[in-house]
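For reference, the chains in residue letters:
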Amino acid sequence: MVKQTIQIFARVKPPVRKHQQGIYSIDEDEKLIPSLEIILPRDLADGFVNNKRESYKFKFQRIFDQDAKQETIFENIAKPVAGSVLEGYNGTIFAYGQTGSGKTFTITGGAERYSDRGIIPRTLSYIFEQLQKDSSKMYTTHISYLEIYNECGYDLLDPRHEASSLEDLPKVTILEDPDQNIHLKNLTLHQATTEEEALNLLFLGDTNRMIAETPMNQASTRSHCIFTIHLSSKEPGSATVRHAKLHLVDLAGSERVAKTGVGGHLLTEAKYINLSLHYLEQVIIALSEKHRSHIPYRNSMMTSVLRDSLGGNCMTTMIATLSLEKRNLDESISTCRFAQRVALIKNEAVLNEEIDPRLMIKRLQKEIQELKDELAMVTAEQRTEALTEAELLQLEKLITSFLEDQDPESRLEVGADMRKVHHCFHHLKKLLNDKKIFGNNTVSNTVSSESKDRDCQEPLKEEEYRKLRDILKQRDNEINILVNMLKKEKKKAQEALHLAGMDRREFRHSQSPPFPPGNPEEGQRMRLSSAPSQAQDFSILGNRSSLLHKKTGMREEMSLGRQEAFEIFKRDHADSVTIDDNKQILKQRFSEAKALGESINEARSKIGHLKEEITQRHIQQVALGISENMAVPLMPDQQEEKLRSQLEEEKRRYKTMFTRLKALKVEIEHLQLLMDKAKVKLQKEFEVWWAEEATNLQVNSPAVNSLDHTKPFLQTSDSQHEQSQLFSNKRFGKQLNFQEVSSHALCPQE
């Protein structure tokens, strides 16, 4: 058993340029505990008599300033906790602070650079690296990812998360056994055998998280998330199994609604976030007070799930994220006060060992067999698992005679064997059911089945009509959106052509006369002949969206209109630069890995060649000693020493390159995950934009809802034909207008 208080650390977020930085100082004396001092300047608006406190001092295990790297955070905070989990103790790391103070960046990491990986991906890499090194035990790793949104739990690894809305997903509920252990229903555990599988699960869960833009943070997480690593270990031949779990918690940030001014759906989310954090603070206060009989764990779902982490069987660490800007000093002081209360809580971590259930089952089976043998010795008859055919026939005869006997005092005597008693009851039940089924009227069943068939045919027709009408509305919306986009593109192209024509005329007036001297008709003919080629270039410009579609390889289930809209949306998106940069970095890493692989193969062949030369050298020396009757020298000669030194050098080189190749592999996998994440984000934002455009068109266009329900199929085909004709005229009219404008701008007016 390990008794210790919750470890607290502080991390200061770098300031934003627009906001004024607050005044603070960090005292890291080796002999004393590090402390953070926050200074509040005296506000002249409060008057000359101002008794407010100007300095606040808080103590932490360690304080990380603005320039602290992610690797430093992991080495000092997460690595010791992960090591204790590998030994069999439970562990928890959670980040607490106001919204926008860097909690998600610390726990999960950034999505742009490989060096910005947070505690979760680095902990996964460290754990799987240690599991590969330790071959004395058999390990099993499982992953779960829980989201608590508006006091409702959801499984972020549920495969139905993408296709279903949040209301249709099954909610995670809390169950409690008699020993007050918490069990989560509808939360799945996924086995991860490699680091890559675990990172893929993390990426899937992060994609399904609830994120919204607030005045304090552009991408604010609106829910509490708990990423749990379940680890089981067992030594070969041992009967004990060690179980440990590591909670990595990213709490949603608290915010003052009066300061942020949010409303609507964001206000509802802020209420639930602040309420759950208030219940967490109540639990912390109750645990820090002595002689407190009741701890309000059940007030919220988050405190119920983290019961062991707060004053229980766990080694817990807290990271207080601080945004020490002048406007956020009050919230930072509140976070530090919360951390000081957390530091008073004592946990008792116990090594989680239990007997292997499979060995327990074998032991119980052996005990059952021994009891059966003792019973057979007492009754002097050997009982099998099932009754024989002769015994079954005899029982059925006894039942038949018992039912046919008219004597009310007759009895069915089968002895004290419970197997025979159960069989008699089952046989009587079967006879009773057969009699009921035989007495049912079959004619009424056929009549009811015919009426059901007639009733089902009419809803099928209505449902088919409804589906066709929805498909028609969807196609109309797509055509209207694309027509609007084509109008915008046409307007941009006409403005560009007009500016180009004006510049070209000014240049010709300044450089040369409108016609060559002596032959004006020839110059007129040359300009007219150049007009079609210019128009062809502009028509190529008009088909840019279709060429982009061929390059990117859009998903086949998208219609042609949505593919073109997606390409234009992706071209103007802010994340396109980040995706291109990651592609270039990934290409460089692939080429570097390929070169390293070739060098490793070359070094391996060279090592084998050197070993073969050393072996041949030994054989030559032995043969020379046998032929000349001389003893083989014990010390190697200079040539062999040279070969051995070359061999050692090649081995060192091979080991260095192999280590670098493994690091490159991890970086390449992480970059691929980042690119996939950016693509999923881009696709989601396009779907939101597309839905908004379709809604606006439905509101603005009264023709969409003017379908006549009496003649649905005729009007559907007519309207679809007219709108498709309009769309084709608009689309191909774009190129014709380009040609007319270009020829008109290039030819001199009469």
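Treat the numbers as computed from the prediction; the structure is a model and nothing was measured.

Asker: What's the story with the packing of helix 3 (residues 119-133) against helix 4 (residues 195-207) in this structure? I'm lost.
Answerer: What describes two packed helices is the angle between their axes and the distance between those same axes. Contact pair helix 3 / helix 4: the axes reach a minimum separation of 10 Å and the direction vectors enclose 160°. It follows from the interaxial angle that helix 3 and helix 4 lie roughly antiparallel. The crossing of helix 3 and helix 4 is right-handed. Contact residues: helix 3 offers Ile120, Pro121, Leu124, Ser125 and Phe128, while helix 4 offers Glu195, Ala198, Leu199 and Leu202. Taken together, the residues of the contact of helix 3 with helix 4 sort by class into 7 nonpolar, 1 polar and 1 charged.

Asker: Could you clarify how one ought to interpret the UniProt feature "binding site: ATP" (unreviewed entry) in the protein in this entry?
Answerer: As recorded in UniProt, the feature "binding site: ATP" (unreviewed entry) lies at Gly97, Gln98, Thr99, Gly100, Ser101, Gly102, Lys103 and Thr104. Sequence-distant contacts of Gly97, that is, excluding residues within four places in its chain, are made with Lys103, Gly253, Ser254, Thr321 and Thr335. Looking at where Gln98 falls in the secondary structure, it is placed in the loop between strand 7 (91-96) and helix 2 (103-107). Looking at Gln98, the relative accessible area reads 5%, which means it is buried.

Asker: Whenever I open this one, a negative patch on the surface confuses me. Can you help?
Answerer: Together, Asp27, Glu28, Asp29, Asp65 and Asp67 line one region of the surface with negative charge. Within the secondary structure layout, Asp65 lies in the loop between strand 6 (62-64) and helix 1 (70-87).

Asker: Which parts of the structure should I look at to understand the packing of aromatic side chains?
Answerer: Aromatic ring pairs: the centre-centre distance and the angle between the two ring planes describe each pair. Tallied over the entire structure, the rule returns 11 aromatic pairs. Ring centres of Phe566 and Phe686 lie 5.1 Å apart, and the angle between their planes is 80°; this geometry places the pair in the edge-to-face category. Here Phe566, found in helix 15 (residues 560-571), pairs with Phe686, found in helix 17 (residues 638-700); they are 120 residues apart in sequence, far enough to count as distant. Of the two residues, Phe566 and Phe686, neither departs from the other in class, the shared state being buried. Between Phe686 and Trp689, the aromatic rings sit 5.9 Å apart at their centres with planes inclined by 35°, giving tilted as the arrangement. Remark: Trp689 and Phe686 occur in helix 17; sequence separation between them is 3 residues, near one turn of the helix. For Phe686, a relative accessible area of 0% translates into the label buried. Overall, the relative accessible area of 24% leaves Trp689 in the partly exposed class. Among the aromatic side chains, those forming a connected cluster through ring pairs are Phe566, Phe569, Phe686, Trp689 and Trp690.

Asker: Can you walk me through the pattern of salt bridges in this structure?
Answerer: Any two side chains of opposite charge can pair, given that their charged atoms come close. Inspection of every chain in the model, using the stated rule, returns 17 salt bridges. The salt bridge involving Lys467 is made with Glu463; its shortest N-O contact spans 3.9 Å. Here Glu463 and Lys467 lie together in helix 12 (residues 442-511), a separation of 4 residues that amounts to about one turn. Residue classification places Glu463 among the partly exposed positions, given a relative accessible area of 35%. Notably, a salt bridge pairs Glu649 with Arg652, separated by 2.8 Å at the nearest N-O pair. Taken together, the residues span about one helical turn, with Glu649 and Arg652 both in helix 17 at a distance of 3 residues. On the basis of relative accessible area, Glu649 is assigned to the partly exposed category, the value being 44%.

Asker: Just checking my understanding: could you explain the confidence of the model for the protein for this structure?
Answerer: Any residue range with low pLDDT should be treated as having predicted coordinates unsuitable for detailed reading. Looking at the protein, pLDDT values average 76 and 75% of them are 70 or higher. Considering only residues more than four positions removed or in separate chains, one finds that residues 509-557, a stretch of pLDDT under 50, has 39 contacts. In this model residues 703-750 is a low-confidence stretch, pLDDT under 50, and it forms 58 contacts with partners more than four residues away in sequence or in other chains.

Asker: Explain the nonpolar core to me, please; I cannot follow it from the model alone.
Answerer: It is characteristic of soluble globular proteins that their nonpolar side chains tend to be buried jointly. Counting residues in each nonpolar core, the largest one holds 46 residues, and the members touching the most others are Leu36, Ile38, Phe60, Leu251, Leu280 and Met318. Those residues in contact with Leu36, other than ones at most four positions away along the chain, are Tyr24, Ser25, Ile26, Tyr56, Lys57, Phe58, Phe60, Ile63, Leu322 and Cys336. Counting 40 residues, the second-largest nonpolar core is a separate cluster that includes Tyr126, Leu201, Phe227 and Ile229.

Asker: Looking at this structure, how should I read the sheet that holds strand 4 (residues 35-39)?
Answerer: Read across the open sheet, the 3 strands follow the order 3-4-5; overall the sheet is antiparallel. Each end of this open sheet is capped by a strand with a single partner; those strands are strand 3 (23-27) and strand 5 (55-59). Between one strand axis and the next, the sheet turns through 15° on average, direction left out of account. The pairing of strand 3 with strand 4 spans 5 bridges and is classified as antiparallel. Bridging across to strand 4, Tyr24 finds its partner in Ile38. Across the sheet, helix 8 (residues 329-342) lies against strand 4 and strand 5, angled at about 35° from strand 5, the strand it touches most.

Criteria and thresholds
Residues numbered from 1 in each chain as written. Predicted model: local features only at pLDDT ≥ 70, side-chain atom pairs only at ≥ 80, totals over all residues. Heavy atoms only, no water. Axes fitted to C-alpha atoms, helices over the stretch in contact; angles between N-to-C directions. Helix = DSSP H or I, 4+ residues; strand = E, 2+ residues; numbered from the N terminus. Parallel < 35°, antiparallel > 145°, perpendicular 65-115°, else oblique. Left-handed = near helix turned anticlockwise from the far one by under 90°. Contact = heavy atoms within 4.5 Å. Nonpolar A, V, L, I, M, F, W, Y, C, P; charged D, E, K, R; others polar. UniProt positions renumbered as here; feature names shortened; annotations may be inferred. Buried < 20%, exposed > 50% of the residue type's maximum accessible area, 1.4 Å probe, protein only. Patch = residues over 30% accessible without salt bridge, like charges linked within 9 Å, V, L, I, M, F, W, Y side chains within 5 Å. Areas by Shrake-Rupley, 256 points an atom, 1.4 Å probe, with all protein chains shown as cover. Salt bridge = Lys/Arg side-chain N within 4 Å of Asp/Glu carboxyl O. Lys, Arg positive; Asp, Glu negative; His and termini not counted. Charge placed at Lys NZ, Arg CZ, Asp CG, Glu CD. Phe/Tyr/Trp six-rings, centres within 6.5 Å; stacked < 30°, edge-to-face > 60°. pLDDT = per-residue confidence, 0-100. Core = buried A, V, L, I, M, F, W, Y, C linked by side-chain atoms within 4.5 Å. Pairing = 2+ DSSP bridges.

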